[in-house]
Amino acid sequence: MTLPKHIAIIMDGNGRWAQLKRRPRTFGHIKGTRVAKKIITSCSRRGVQNLTLYAFSSENWLRPLNEVSFLMRLLRRYLGRETDNLIKENIKFSVIGDLSQVPSDVCEAIKNAAESTSRCTGLNLVFALGYGSRQEITAAVKKIAEQVAAGQISCDDINENLVSKNLSTYPTPDPDFIIRTSGEQRLSNFLLWQAAYAEFYFTEVLWPNFTESHLEEALKSFSSRQRRYGKVSTDVNLEKLSN
Ligand code: FPP
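Report follows, based on the coordinates.

Definitions and limits used
Residues numbered from 1 in each chain as written. Predicted model: local features only at pLDDT ≥ 70, side-chain atom pairs only at ≥ 80, totals over all residues. Heavy atoms only, no water. Helix = DSSP H or I, 4+ residues; strand = E, 2+ residues; numbered from the N terminus. Rg over C-alpha atoms; globule rule 2.2 N^0.38 Å. Buried < 20%, exposed > 50% of the residue type's maximum accessible area, 1.4 Å probe, protein only. Contact = heavy atoms within 4.5 Å. Areas by Shrake-Rupley, 256 points an atom, 1.4 Å probe, with all protein chains shown as cover. Lys, Arg positive; Asp, Glu negative; His and termini not counted. Charge placed at Lys NZ, Arg CZ, Asp CG, Glu CD. Patch = residues over 30% accessible without salt bridge, like charges linked within 9 Å, V, L, I, M, F, W, Y side chains within 5 Å. Salt bridge = Lys/Arg side-chain N within 4 Å of Asp/Glu carboxyl O. Pairing = 2+ DSSP bridges. Axes fitted to C-alpha atoms, helices over the stretch in contact; angles between N-to-C directions. Core = buried A, V, L, I, M, F, W, Y, C linked by side-chain atoms within 4.5 Å. Near = heavy atom within 4 Å. Polar contact = N/O pair within 3.5 Å; in protein donor to acceptor, adjacent residues only side chain to side chain. Expected span 1.5 Å × (residues − 1). Arc of directions from axis to C-beta.

**Some remarks on the overall build of the protein**
- A count of helical and extended segments in the protein gives 8 helices and 6 strands.
- Element order for the protein, N to C, with α for helix and β for strand: β-α-α-β-α-β-α-β-α-α-β-β-α-α.
- Expected size for 243 residues packed as a compact globule is a radius of gyration near 18 Å; at 19 Å, the protein falls within 12% of this value.
- In terms of overall dimensions, the protein has a C-alpha envelope of 60 × 55 × 35 Å along the principal axes.
- Taking all 243 residues of the protein together, the buried fraction comes to 44%.
- The long-range share in the protein, meaning contacts at least 24 apart out of those at least 6 apart in sequence, stands at 76%.
- On the protein, roughly 13,400 Å² of surface is accessible, and the fraction owed to carbon and sulfur atoms is 50%.
- Between the centroid of the 33 positive side chains of the protein and the centroid of its 25 negative side chains there is a distance of 8 Å.

**Some words on a positive patch on the surface**
- On the surface, a cluster of positive charge is contributed by Arg34, Lys38, Arg73, Arg77 and Arg81.
- Where the positive patch is concerned, the elements lending two or more residues are helix H2 (25-46) and helix H3 (65-88).
- In terms of residues, the positive patch owes the most to one element, H3, which gives 3 residues.
- Tracing the sequence through the fold places Lys38 in helix H2.
- On the accessibility criterion, Lys38 (54% relative accessible area) is exposed.

**A closer look at the sheet that holds strand E3 (residues 92-96)**
- The parallel open sheet is built from 6 strands, whose spatial order is E3-E4-E2-E1-E5-E6. Both edges of this open sheet fall to E3 and strand E6 (199-202), since each of them pairs with a single strand only. The average undirected angle you get between the axes of adjacent strands in this sheet is 20 degrees.

**Here we look at the nonpolar core**
- Grouped together as the largest cluster of nonpolar side chains are 41 residues, with contacts concentrated most on Ile9, Ile40, Leu51, Leu53, Leu125 and Ile179.
- Of all the elements in the fold, those that place two or more residues in this core are strand E1 (6-10), H2, strand E2 (50-57), H3, helix H4 (104-116), strand E4 (124-131), strand E5 (177-180) and helix H7 (212-224).
- A per-element tally of this core places H3 first, with 7 residues.
- Excluding residues within four positions of it along the chain, Leu51 makes contact with His6, Ile7, Ile9, Ile40, Cys43, Leu123, Asn124, Leu125 and Val126.
- In this structure, Ala128, Ile178, Phe190 and Leu191 belong to the second largest nonpolar core, which totals 12 residues.

**Points about the site of the ligand**
- Taken together, 18 residues sit near the ligand, with Asp12, Gly15, Arg16, Arg25 and Arg63 positioned nearest.
- One nitrogen or oxygen atom from the side chain of Asp12 is found 3.0 Å from an oxygen atom belonging to the ligand.
- Within the side chain of Arg63, an N or O atom sits 2.8 Å from an oxygen atom of the ligand.
- About the coverage of the ligand: the protein hides 92% of its 610 Å² of free accessible area.
- The set of elements that each furnish at least two residues to the shell around the ligand consists of helix H1 (14-20), H2 and H3.

**Notes on H4**
- Taking 1.5 Å as the rise per residue, H4 with 13 residues should run 18 Å; its terminal C-alpha atoms sit 18 Å apart, in good agreement.
- Buried within H4 are the following residues: Val106, Ala109, Ile110 and Ala113. One side of H4 carries all its buried residues, which in axial view fall inside an arc of 100 degrees. Turned more than 90 degrees away from the buried face of H4, the exposed residues are Ser104 and Glu115.
- Packed against the buried residues of H4 are H3, E3 and E4.

Dropping the structure here:
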C-alpha cells in the first residue's frame, strides 16, 4: 500500500455529534480530542511522516466565548497530558497559525511540547491553530515584498519555491492527502497553496465517530488512486486500465 507522505485532516462534526446526543457542543470536542489522540498514534505507528490537524481556524475565534475558551483549555490539558507520550512515540510536535489571540498559558504549553519533542525523528505532527491559509499567504507576500524592498532579492527571484519557503508550513512537504469528516466538501481556508496536488477524501462520518478502520479505508482509497501531476498516464497505468 502506498502511504501518503503528508496527511492533513479537517476534523469536522464535533458539534453535530454532541447535538445528536443532546449534549453540549463541548462534549463533542472532548470526544474529538480522544479520537485525535488515537489517529495520531495510528499514523505514527503506520509510518506516516507528516500529519497536520486543523485544530482551530482563524474564523473559529468568532464562536461563542465559552466554546473558544473550552477548546483552549482542552488543548492545554491535551498537551500537558500527552507530551510524555509524544516523546515515547518519537513524535515531533509543532504548531502553525497566528497565536497572538491564544491565551498565554496555552502558548506556554505549546512551547513546552514543541521544545520537549524537538529532537524526535518519527512522525512530524503539526497542529494548525488560529490558522488561516489566506492570512498565511498574505504574510508570505509581505515578507517577500520586504526582501525586495531591502534589495536582498529581485523580482526575478520570486518563484513558487520562494513562496513555499515563506509559508508557515516550510519545510514540511505539501500534503498529498486531505481528509475532511462530517460530509462537508470544502477546504475552509486550510492549506490552499499547499493543497495544489493533494488527493481529497470526504467522508460522512462525524469526527468523534472516526476510527482507525475509517483511516484504513481512507488510506486504501489513497493507495488506489493514480497521481499524474497533470502529466499523461504511463504505459504501465494504461495497461492496468485495460485489464
Ligand atoms: C470541528 O467541529 C472541530 C473543531 C472546530 C475543533 C477541532 C478540535 C478538536 C477535535 C479537539 C482539539 C484537538 C486536540 C488534539 C486538542 P465543529 O465544532 O465545527 O462541529 P460542527 O461542524 O458539527 O459544528
